[in-house]
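A structural walkthrough
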Amino acid sequence: MKTYRIVLVLILLTGYFAAGQENHCITCHQELDASLALPVSEMKDGVHFLSGILCNDCHGGDPTTDDPELSMDPAKGFVGTPQFKDIAILCAGCHSDAVYMRKFNPNVSTEQYSRYQTSQHGILQAQGDIKVATCTSCHGVHNIKKVSDPTATVYPVNLADQCGKCHADKEYMQEYGIDTQQLEHYKNSVHAKMLYDQGDIGAPTCNDCHGNHGATPPGITSIAYVCGNCHMIQQEYFTASPHKTGFDEMGFSECGECHGNHDIQQTNDEMLGVDEPALCINCHDSDSDGYAVAMKLRTDIDSLKAVIGIAEKMIFDAQKAGVEVVDEEMNLAKAQESLVHYRTMIHTFSKEKVNETFKAGLESSDNAYKIGQQALKELSNRRILLIIMVLLTLLVATLLIFYIKQKENHIH
Amino acid sequence: MTKEPEVSQGRRRFIGWGLLSSLSAFTAMLIYPVVRFVMPPPIAESVQNSVKAATVNELKPNSGKNFPFNNKPAILIRLPNGEYRAFSAVCTHLQCTVQYREDFKQIWCACHNARFDLNGNIASGPPPAPLESFDVNISGDDVIVSKPS
Amino acid sequence: MKVEKIKNWFNERLDFSGIVKFSEKKVVPVHKHHFWYGIGGITLFLYVIQVLTGILLLLYYRPSAESAFESVEFIMTSVKYGWLIRSIHSWGANLMIFFLFIHMFSTFFMKAYRKPREMTWISGAFLLILALAFGFSGYLLPWNKLAFFATKVGTEMAAVVPFIGHEILIFLRGGEEVTGATLTRFFGFHVALLPMVTAIFLLVHLLLIQAQGMSVPPSLTPEYEKNPKSMKFFPDFILRDAVGWLLVLGLLGVLAAIFPWELGEKADPYASAPSGIKPEWFFVFLFQTLKYIPGKILIFNGESLAIMGIAVGIVIWIFIPFFDKRAQAGKPSPAFTVIGIFLVLYILVLTAISYIFD
């Protein structure tokens, strides 16, 4: 390994010095027909070409001469098309060398190969499997782009389809005996919606949960931690809840048991509770503690929604009538916040822990309601005031009429 | 015949005084709301373009304060170097109210653990957009927060 | 006797004798229908209320699309008694136009427009148009959804005028569409242009009335001439006027209390129109008429023809004193009474149809 590395570095240096000179690999091959000229055209877009890493740096040989016998001489290190089992090692020659890679990007990671060796792909490949993925299977061969380049095969928006090239192919995957529905399921999920429809590249795709170089499904007992990388609070609550040990003991898929793994949908309140289509009753019988907790959690949410709805209607009515609603709106926002908070807290699956949030939510909407009631009362106060004014007006008018009549009588 | 003028005299006086007093009350009733109307209410403007968020030195460096601005929560933070910044405190994820965290010197949302840096930009978590930022000016002893010009 | 001292101070500087004599001499004929003489005064009283409440609202109102609605909301919720001043202004506008219609039709039926009072009638007709313009321009100012679309529909009618219709539309709207520019423009009309023009016409109208006195309807003239009863304007008639004004003020209070004027929702130029958009009630009969006109009459555009017809009708109405020859001669004129009745019924029926069926 070490010898090979030194040889490669020397070749690279040669290429580096030869940079000013013509690279005959390129000049010859681009004149050839389709399949042999393709690498040249593909190369031009790639990150290696732009960094001055050319044909000979991977394939060996001597680019300074246009004599095929000399340039493609095995004595000069020419390897031709590398064998499948050698590809990862070839790439690792540079990409695992921290000192070397520092030249191009001081922060780029260099553990891809060691991770790959721990992955399912790496393990099978070491056993001689040539159907699994190696570096070029995902990154491309001659036109490898930076991961941050939107046209790269492994850019988040493109990644799932790249994995799907094998993993969604039923025939191809038949001998491995694993499912090929994942891509389809994933594309149906809320994560896919965020990634593809909303363009949020923070949304998870295959590698965010499975790893990219160390690709392996997360084990049953670690799912919460994986999801928890983004969904921190829910993970914290879940890990402290009775479901964690319970699920692990029974071999249930932690978060996945309720939310699914690939086909994760936007959550809704219906998933919680004791009536169809709630998930809780799939396990909890009506006489169990869990059932009681599920019922309380769902009823609390429904109550909060109801009181918020009532307070909202009050605000709307008051506003339309032209009564001040400032404080009401602030209280309503607080109540709404409590509801959002409560929905996260259900992952504690504990009647006691959610109570404080529930009470806060009720209190805020109660305040909003009270203020709204006061506002509407103010409306009726105005009416009373005006009726008094009207009566006074009528009084003056009546007295005036008497005065007029009296003047007439007095004259006559 | 002599009785009639007497009765009418009493009645006259009653009507006269009744009219005068009720007319005065009536006029007062008309003038009172007009006088109250022309004196401006405590919040003088219909659309708040700026508001006093705090007094100078009310906030220590590396601390924050939530305050209402145009009926919505807003947050004033004082950086460790003493500079003031102000943002909308409505989290862009699900509209919870954010707060300043002195321990990690970022703006934090309790609902889903979102964090915003001291420029209001997303540091981590689910929010899709940064916090709206406001202008801060010191006027005498007051820290005034206003809509960006 | 402070009053005497003050009087003397003025009398030493100005000669009020003419005015005083006139006021003492001014009389109002007394007959079966003399009650109607007060209606014009009520309309004037309501106009004064509009001006006063309007000035008060001006202290807080902001005429731009960004802040108009909010400023009205501010008046309704934060300003002390803002809700009262605003409701009185909104209801006052409607009451004023209502009484204006009654005043117009009562003078019509009493043939008050005949010689020598033709100019009074004509200036009154212009005051009617000005009042309707006040109503139309003022309605937009709160910048809510209802007003926005009512203005859109109303100004659309202008475009139907042949040749210059589009120019009129652009002038009214301050652009092709109803926007903030329309609001600012309407505000200018409502608080400056229209009050100024109204002041002039009002002055003419009132001066003519002072100079010529009240007209006695032809049907009652023979009886009146035999036995002319009258009462002094100061203080008798004006006291009666005052009762009427007090009752109208009370009515305004009742309306403001039981039917407070709503804020509505802020106008959104990009939202689609809610169904059943109507102009204000005093335009509804015209709006409803247009709905019944067929799209095409012979070779002409139906709507254009209808609007032209209405315009011609308005012109005839303005100059009706010159059409009613019999009244000019002081004779009863039943034909025109019938026309008047027909007009009143037409307005009532079409307005009713629009509200009941549409």
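Look up: the structure comes first, before these words.
Reference entry: report on the structure contained in this document.

Rules used in this analysis
Residues numbered from 1 in each chain as written. Chains lettered and ligands numbered in written order. Predicted model: local features only at pLDDT ≥ 70, side-chain atom pairs only at ≥ 80, totals over all residues. Heavy atoms only, no water. Buried < 20%, exposed > 50% of the residue type's maximum accessible area, 1.4 Å probe, protein only. Helix = DSSP H or I, 4+ residues; strand = E, 2+ residues; numbered from the N terminus. Contact = heavy atoms within 4.5 Å. Polar contact = N/O pair within 3.5 Å; in protein donor to acceptor, adjacent residues only side chain to side chain. Buried area = accessible area lost by both parts, 1.4 Å probe. Nonpolar A, V, L, I, M, F, W, Y, C, P; charged D, E, K, R; others polar. 1 Å grid on protein atoms, 1.4 Å probe; cavity = no way out; pocket = protein on both sides within 12 Å on 5 of 7 lines; lining within 4 Å. Points joined across faces, edges and corners; volume = space filled by probe spheres on them. Salt bridge = Lys/Arg side-chain N within 4 Å of Asp/Glu carboxyl O. Core = buried A, V, L, I, M, F, W, Y, C linked by side-chain atoms within 4.5 Å. Pairing = 2+ DSSP bridges. Axes fitted to C-alpha atoms, helices over the stretch in contact; angles between N-to-C directions. Disulfide = S-S within 2.5 Å. Phe/Tyr/Trp six-rings, centres within 6.5 Å; stacked < 30°, edge-to-face > 60°. Lys NZ or Arg CZ within 6 Å of the ring centre and 35° of its normal.

**Regarding helix α15 (residues 190-197) of chain A**
Residues and elements named next belong to chain A.
- The complete set of buried residues in α15 reads V190, H191, A192 and L195.
- Of the surrounding secondary structure, the elements contacted by the buried residues of α15 are α12 (156-167) and α14 (182-187).
- N-capping of α15 is provided by S189, with a side-chain oxygen placed 3.4 Å from the backbone N of H191.
- Remark: G199 follows α15 within two positions and exhibits a positive phi of approximately 65°.

**Quick look at the interface of chain C and chain A**
- At the interface, 26 residues of chain C touch 22 residues of chain A.
- For the pair chain C and chain A, the summed buried surface comes to about 2100 Å²; carbon and sulfur atoms form 73% of the total.
- Among the secondary structure elements, those contributing two or more residues to the side of chain C that touches chain A are α4 (68-77), α5 (82-109) and α11 (233-258) of chain C.
- Among the elements that line the side of chain C that touches chain A, the one with the most residues is α11(C), at 15 residues.
- In the side of chain C that touches chain A, the residues fall into 17 nonpolar, five polar and four charged.

**Some points on empty space enclosed by the protein**
- A full pass over the atoms with the stated rule returns five cavities of 30 Å³ or more.
- There is about 50 Å³ of room inside the second largest cavity.
- Lining the second largest cavity, in full, are L379(A), R382(A), R383(A), M76(C), W83(C), S87(C), A256(C), A257(C) and P260(C).
- By residue number, the principal contributor to the lining of the second largest cavity is helix α23 (residues 351-411) of chain A, which donates three residues.

**Considering the pattern of salt bridges**
Residues and elements named next belong to chain A.
- What the rule picks out here adds up to 21 salt bridges over all chains.
- Among the ionic pairs, K76 bridges to D62, the shortest N-O distance being 3.5 Å. Separated by 14 residues along the polypeptide, K76 in the loop between α6 (68-71) and α7 (84-95) and D62 in the loop between α5 (55-59) and α6 bring together distant segments of the chain.
- Residue D62 is classed as buried on the basis of its relative accessible area, which comes to 15%.

**What about the nonpolar core?**
- Ranked by size, the top nonpolar core spans 80 residues in total, and within it L46(C), F101(C), W121(C) and W143(C) carry the most contacts.
- Not counting residues within four places of it along the chain, the set of residues in contact with W121(C) comprises M104(C), T107(C), F108(C), Y113(C), W317(C), I318(C), I320(C) and P321(C).
- Within the second largest apolar cluster, 21 residues are counted, among which are C280(A), A294(A), I308(A) and A335(A).

**Some details on the side chain of S241(A)**
- Inspection of the secondary structure assignment puts S241(A) in the loop between α18 (232-240) and α19 (242-249).
- The contact partners of S241(A), leaving out residues within four places of it in the chain, are H347(A), T348(A) and F349(A).

**Here we look at the pairing of strand β6 (residues 106-109) of chain B**
Residue and element names in this part refer to chain B.
- Residues Q106 and W108 of β6 are buried on one face, and the alternating residues I107 and C109, pointing to the opposite face, are buried as well.
- Where strand β5 (residues 99-101) folds back onto β6 in an antiparallel hairpin, the turn is made up of four residues, including K105, whose phi is positive at roughly 50°.
- In this structure, β6 lies alongside strand β7 (residues 114-116), joined through three bridges in antiparallel fashion. By the bridge assignment for β7, I107 is matched with F116.
- Here β6 folds back onto β7 in antiparallel fashion, the turn holding four residues, of which N113 has a positive phi close to 65°.

**Looking at the interface of chain B and chain A**
- Between chain B and chain A, the residue contacts involve 21 residues of the former and 21 residues of the latter.
- Around 2000 Å² of area is buried between chain B and chain A when both sides are counted, 72% of it from carbon and sulfur atoms.
- Here chain B is connected to chain A by zero salt bridges.
- Of all the secondary structure elements, the ones that give two or more residues to the side of chain B that touches chain A are α1 (3-38) and β3 (72-78) of chain B.
- Its residues placed into classes, the side of chain B that touches chain A shows twelve nonpolar, six polar and three charged.

**With respect to the sheet that holds strand β10 (residues 142-146) of chain B**
All names here are of chain B.
- Reading across from one edge, β1-β10-β9-β4-β3-β2 is the order of the six strands in this open sheet, with antiparallel pairing throughout. A strand with exactly one partner marks an edge of an open sheet, and here the two such strands are β1 (50-55) and β2 (63-69). Strand-to-strand twist of the sheet, defined as the mean angle between neighbouring strand axes without regard to direction, takes the value 30°.
- Across two bridges, strand β4 (residues 84-88) lies against strand β9 (residues 133-139) in antiparallel orientation. Looking across to β9, one finds that A86 is bridged to F134.

**Structural notes on the state of the cysteines**
All names here are of chain B.
- What the rule picks out here adds up to one disulfide over all chains.
- Shown here is the disulfide that connects C96 with C111, its sulfur atoms set 2.1 Å apart. Given an S-S torsion of about -90°, the disulfide between C96 and C111 has left-handed geometry. Taken together, the residues span a long stretch of sequence, with C96 in the loop between β4 and β5 and C111 in the loop between β6 and β7 at a distance of 15 residues.

**Side note on the sheet that holds strand β8 (residues 122-124) of chain B**
All names here are of chain B.
- In spatial order, the strands read β5-β6-β7-β8; together these four strands make up an open sheet with antiparallel pairing. Across the chains shown, the open sheet's two edge strands, defined by having one partner strand only, are β5 and β8. Recorded for the sheet is a direction-independent mean angle of 40° between the axes of neighbouring strands.

**What to know about the packing of aromatic side chains**
- This structure, assessed with the given rule, holds 39 aromatic pairs over all chains.
- Taking the centre distance of 5.1 Å and the plane angle of 25° together, the rings of F126(C) and F201(C) count as stacked. Separated by 75 residues along the polypeptide, F126(C) in helix α6 (residues 118-140) and F201(C) in helix α9 (residues 180-212) bring together distant segments of the chain.
- Its relative accessible area of 25% is what places F201(C) among the partly exposed residues.
- Summarising the aromatic geometry, the rings of F148(C) and F149(C) are spaced 5.2 Å apart at their centres and angled 90° between planes, so their arrangement reads as edge-to-face. The same class applies to F148(C) and to F149(C), which are both buried.
- In textbook terms, an aromatic cluster arises when at least three aromatic residues are bridged by ring pairs, as seen for F136(C), F171(C), F186(C), F189(C), W281(C), F282(C) and F283(C).
- Residue placement shows R101(B) over the ring face of W108(B); its charged tip is 4.5 Å from the ring centre.

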